Amino acid sequence: MDTVEVIPDKAKMICYVRAPTRTEAEATLKRVLPCFEAAALATGCTVKTTITGRTFDLRQNAVLGGEVANIVTAKFGEIDYEWGIKSASTDFGNVTYALPALHPGFSIPTVKDGGNHTIQFTEAASTPVAHSACFDVTKALAATGAKKAYDEDVEIQKFLAGN
């Protein structure tokens, strides 16, 4: 039914507040929530806000990243970028606030404009060369985990000890 000026008795909205860092996201949320309150006040409505979860920024562990980079460099030669993803939208960021973690990035051969989250990328990801690249990174991560389990690094040892 296409009727103008019909105001429903109830409306629901989902809003995501995002920012480059956890601190910025929390500061932004403090500014966004009063906007909802003001909109309700201006329209004679009430508002109920429920925060269901937050997604934090990635905090790459430099010790783990350095070790993975050393392993990859020893096997494949120089890498020409800082190891790991500098920023991304992922709930793995929350993990990096709980324990030492690394979310490395790597590439697979794909076609022009065939970046992540495209059909072209999906097709490229199913190829043997992509599987090989993924397996190489998996081996480097596993080797890093095994090595760090016996390392003297205080941060890693505190985590492994449950502290």
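Quick caveat, the model's predicted, so the values are computed rather than measured.

What about the confidence of the model for the protein?
Piece 1. On average, the protein scores 84 in pLDDT, and the residues at 70 or more come to 85%.
Piece 2. Mean pLDDT in the protein bottoms out at helix α6 (residues 154-160), which sits at 62, and peaks at helix α1 (residues 22-43), which reaches 94.

Looking at the packing of aromatic side chains
Piece 1. Going through the model one piece at a time under the given rule, you end up with 1 aromatic pair.
Piece 2. Directly above the ring of tyrosine 97 sits arginine 22, whose terminal nitrogen or CZ lies 4.7 Å from the centroid.
Piece 3. A cation over an aromatic ring shows up here: arginine 59 above the ring of tyrosine 97, its NZ or CZ 3.8 Å from the ring centre.

Overview of unusual backbone geometry
Piece 1. In this model, aspartate 113 sits at a positive phi of 65°, which is unusual for a non-glycine residue.
Piece 2. The topology assignment puts aspartate 113 in the loop between α3 (92-98) and α4 (119-125).
Piece 3. Backbone geometry at histidine 117 places phi at a positive 70°, although glycine is not the residue there.
Piece 4. In this structure, histidine 117 sits in the loop between α3 and α4.

Some points on the layout of surface pockets
Sizing a probe to match a water molecule and rolling it over the atoms shows the empty space that remains.
Piece 1. In this model, the largest pocket occupies a volume close to 1,600 Å³.
Piece 2. Together, 42 residues line the largest pocket, and Met13, Ile14, Cys15, Phe36 and Thr50 are the ones closest to its centre.
Piece 3. Along the lines of polarity and charge, the residues of the lining of the largest pocket split into 22 nonpolar, 10 polar and 10 charged.

Description of the packing of helix α2 (residues 62-76) against helix α5 (residues 128-149)
When two helices pack together, you describe them by how their axes are tilted relative to each other and by the distance separating the axes.
Piece 1. The interhelical angle for the contact between α2 and α5, taken along N-to-C directions, is 125°, at an axis separation of 9 Å. Regarding the angle of α2 to α5, the classification is oblique. Classified by chirality, the crossing of α5 by α2 is right-handed. Residues Val63, Leu64, Glu67, Val68, Ile71, Val72 and Phe76 of α2 pack against Asp136, Ala140, Leu141, Ala143, Thr144, Lys147 and Lys148 of α5.

Thresholds, definitions, all that
Residues numbered from 1 in each chain as written. Predicted model: local features only at pLDDT ≥ 70, side-chain atom pairs only at ≥ 80, totals over all residues. Heavy atoms only, no water. pLDDT = per-residue confidence, 0-100. Helix = DSSP H or I, 4+ residues; strand = E, 2+ residues; numbered from the N terminus. Phe/Tyr/Trp six-rings, centres within 6.5 Å; stacked < 30°, edge-to-face > 60°. Lys NZ or Arg CZ within 6 Å of the ring centre and 35° of its normal. 1 Å grid on protein atoms, 1.4 Å probe; cavity = no way out; pocket = protein on both sides within 12 Å on 5 of 7 lines; lining within 4 Å. Points joined across faces, edges and corners; volume = space filled by probe spheres on them. Nonpolar A, V, L, I, M, F, W, Y, C, P; charged D, E, K, R; others polar. Axes fitted to C-alpha atoms, helices over the stretch in contact; angles between N-to-C directions. Parallel < 35°, antiparallel > 145°, perpendicular 65-115°, else oblique. Left-handed = near helix turned anticlockwise from the far one by under 90°. Contact = heavy atoms within 4.5 Å.

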